[in-house]
Amino acid sequence: MLRIERKLLEWIEKHMYILILLLVSALALYIRRIPIWWNPENVAAYFDCHENTVQSFLYYLLVRGVQYLPALPVHSIKWISVAGDFGTAALCLLLAGENKKGNELVPVFCYIGCLFSPVLILRGCVWAQIDSLAVMLFLLGQLLWRRERKAFAAVFVLLAALLYPSMLVFVFLLVWKAGEEAEAGLLWLKALGFFSVWVLGCGLAALPLGKEFTEGVKNGFAWLSFDPVTGEGFAAGLDWIMEMLVNLGLAGSVIVGLALVRRRRLYLFSMLGVHFLITVLYGSRLFFG
């Protein structure tokens, strides 16, 4: 074997994890490029549809803001969701890697599992949703909180909850969990202050769109009672349960999975299990109405 070949093999072996991540990332990016096939005729229908759906007004502002980017508006929002996918996967890699006693391959599998999750792909570049962007902001806040940068952490978590209001559920779950280890009274008081700022943010986000402040606040809670596509109230309890699983499934699988990996449990299987369930729900809606 030539000397240069030996050095090349040694270099590859030394940087094997990085090379695997780069290869996986390139493949995941190519897969996400495939569904971005919208043509100009679809764009008007897309924006007209989202005018009447149940979303936060910060989401509406983001959708309208991408119209000023060079690419087609719907293409831009899809590429933003792709950035959220990769950001979520990278933060899962960092947060899972904080467990120094765990297997070194676990963070890599977490990264791969996130990128190739059908839930991220469907709720992102296929349907032009920004769920993963909200999860990315939430995980970034969680990472900063662990590193004692709590003010910045609160800002990113607040943005996540304003962009995707159902993330508020996980904020209070984390506060409840942290309350077992800290001064619960003070922590819940801070959570109440956070909630007040969130309500204020929901109302203010409606003003640039010419809506009333109260309408913005109402939209922050609309996901609990109304179908996000039709804007109508849920007709049956089963419809509500399925929609809550769809709304909370992606964030829940990632956040719960990261909690499990800190306890040296099987993160990947728990995450993929929840993702498979949500995918089945999506499939039932696509093929059976």
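Residues numbered from 1 in each chain as written. Predicted model: local features only at pLDDT ≥ 70, side-chain atom pairs only at ≥ 80, totals over all residues. Heavy atoms only, no water.

Undergrad: Give a description of the overall build of the protein chain that names residues and reports values.
TA: Helix and strand counts for the protein chain stand at 14 helices and zero strands. Order of helices (α) and strands (β) in the protein chain, N terminus to C terminus: α-α-α-α-α-α-α-α-α-α-α-α-α-α. Only carbon and sulfur atoms are counted for the fraction: they give 69% of the accessible area of the protein chain, which is about 15,900 Å². (Helix = DSSP H or I, 4+ residues; strand = E, 2+ residues; numbered from the N terminus. Areas by Shrake-Rupley, 256 points an atom, 1.4 Å probe, with all protein chains shown as cover.)

Undergrad: Break down the packing of aromatic side chains for me, citing the residues and quoting the values.
TA: Applying the stated criterion to the full structure yields six aromatic pairs. Ring plane angle 65° and centroid distance 5.3 Å describe the contact between Phe 57 and Tyr 60, whose orientation is recorded as edge-to-face. Of this pair, Phe 57 and Tyr 60 both sit in helix H4 (residues 57-65), three residues apart, which is roughly one turn of the helix. On the basis of an interplanar angle of 65° and a centroid distance of 6.2 Å, the ring pair of Phe 172 and Phe 195 is categorised as edge-to-face. (Phe/Tyr/Trp six-rings, centres within 6.5 Å; stacked < 30°, edge-to-face > 60°.)

Undergrad: Any details on helix H7 (residues 118-126)? Residues and values, ideally.
TA: Counted residue by residue, H7 has seven buried out of nine residues, so it is predominantly covered. Taken residue by residue, H7 has Val 119, Leu 120, Ile 121, Leu 122, Arg 123, Gly 124 and Cys 125 as its buried positions. Looking one or two residues past H7, Ala 128 carries a phi angle of roughly 55°, positive in sign. (Buried < 20%, exposed > 50% of the residue type's maximum accessible area, 1.4 Å probe, protein only.)

Undergrad: Pulling in residues and values, what's your account of empty space enclosed by the protein?
TA: Per the counting criterion, the structure on display carries one cavity of 30 Å³ or more. In terms of lining residues, the largest cavity is bounded by Ser 56, Phe 57, Leu 58, Leu 162, Cys 202, Ala 205, Gly 216, Asn 219 and Gly 220. Elements represented by at least two residues in the lining of the largest cavity include exactly H4, helix H11 (184-206) and helix H12 (213-221). Per element, the largest residue contribution to the lining of the largest cavity is three residues, and it comes from H12. Here the residues of the lining of the largest cavity sort into five nonpolar, four polar and no charged. (1 Å grid on protein atoms, 1.4 Å probe; cavity = no way out; pocket = protein on both sides within 12 Å on 5 of 7 lines; lining within 4 Å. Points joined across faces, edges and corners; volume = space filled by probe spheres on them. Nonpolar A, V, L, I, M, F, W, Y, C, P; charged D, E, K, R; others polar.)

Undergrad: How would you sum up the side chain of Asn 219? Please name residues and give values.
TA: Along the polypeptide, Asn 219 turns up in helix H12. The residues touching Asn 219, leaving out its near neighbours within four places in the chain, are Gln 55, Phe 57 and Tyr 60. (Contact = heavy atoms within 4.5 Å.)

Undergrad: I'd like a rundown of the nonpolar core, residues and numbers included.
TA: Core analysis: the largest hydrophobic core is formed by 56 residues, its most contacted members being Phe 138, Leu 139 and Met 167. Beyond its immediate stretch of four places on either side in the chain, Phe 138 contacts Val 157, Ala 160, Met 167, Phe 170, Val 171, Leu 174 and Ile 255. (Core = buried A, V, L, I, M, F, W, Y, C linked by side-chain atoms within 4.5 Å.)

Undergrad: Describe in detail the side chain of Asp 131, supporting the description with residues and values.
TA: Assignment of secondary structure puts Asp 131 in helix H8 (residues 131-146). Those residues in contact with Asp 131, other than ones at most four positions away along the chain, are Arg 123, Tyr 164 and Leu 250.

Undergrad: Tell me about the packing of H4 against helix H9 (residues 150-163), residues and numbers included.
TA: Running from N to C, H4 and H9 point in directions that differ by 85°, and their axes come no closer than 7 Å. Classified by the interaxial angle, the pair formed by H4 and H9 is roughly perpendicular. When H4 is examined against H9, the residues Leu 58, Tyr 59 and Leu 62 are found in contact with a partner set consisting of Leu 159, Leu 162 and Leu 163. Considering only residue class, the contact of H4 with H9 consists of six nonpolar, no polar and no charged. (Axes fitted to C-alpha atoms, helices over the stretch in contact; angles between N-to-C directions. Parallel < 35°, antiparallel > 145°, perpendicular 65-115°, else oblique.)

Undergrad: Give me the lowdown on helix H2 (residues 16-33), citing residues and values where you can.
TA: Along its 18 residues, H2 runs 26 Å from first to last C-alpha, staying within 8% of the 26 Å computed at 1.5 Å per residue. Among the residues of H2, Leu 21, Val 24, Ser 25, Ala 28 and Arg 32 are the ones counted as buried. Burial along H2 is one-sided: seen end-on, the buried residues are contained in an arc of 105°. Turned more than 90 degrees away from the buried face of H2, the exposed residues are Leu 22, Leu 23, Tyr 30 and Arg 33. (Expected span 1.5 Å × (residues − 1). Arc of directions from axis to C-beta.)

Undergrad: Can you lay out the environment of Val 169 for me, pointing to particular residues and giving the numbers?
TA: Summarising the element assignment, Val 169 is placed in helix H10 (residues 168-178). Overall, the relative accessible area of 32% leaves Val 169 in the partly exposed class. With 83 residues separating them along the chain, Val 169 and Gly 252 place their C-alpha atoms 9.7 Å apart. In this view, Val 169 contacts Trp 223 and Leu 248; residues no more than four positions away in its chain are not counted.

Undergrad: Talk me through unusual backbone geometry; I want residue IDs and the actual numbers.
TA: Even without being glycine, Glu 148 reaches a positive phi, approximately 65°. Within the element layout of this structure, Glu 148 appears in the loop between H8 and H9.

Undergrad: With reference to specific residues and values, describe the confidence of the model for the protein chain.
TA: Parts of the model with low pLDDT should not have their predicted coordinates read in detail. Chain-level statistics for the protein chain give a pLDDT mean of 76 and a share of 74% at 70 or above. For the protein chain, helix H3 (residues 40-51) is the element with the lowest average pLDDT, namely 54, and H9 is the one with the highest, namely 90. (pLDDT = per-residue confidence, 0-100.)

Undergrad: Break down a nonpolar patch on the surface for me, citing the residues and quoting the values.
TA: Together, Phe 221, Leu 224, Leu 238, Trp 240, Ile 241 and Leu 245 make up an exposed nonpolar region whose accessible area comes to about 520 Å². Broken down by element, the residue count for the nonpolar patch peaks at four residues, all from helix H13 (residues 237-262). By the element assignment, Trp 240 lies in helix H13. (Patch = residues over 30% accessible without salt bridge, like charges linked within 9 Å, V, L, I, M, F, W, Y side chains within 5 Å. Salt bridge = Lys/Arg side-chain N within 4 Å of Asp/Glu carboxyl O.)

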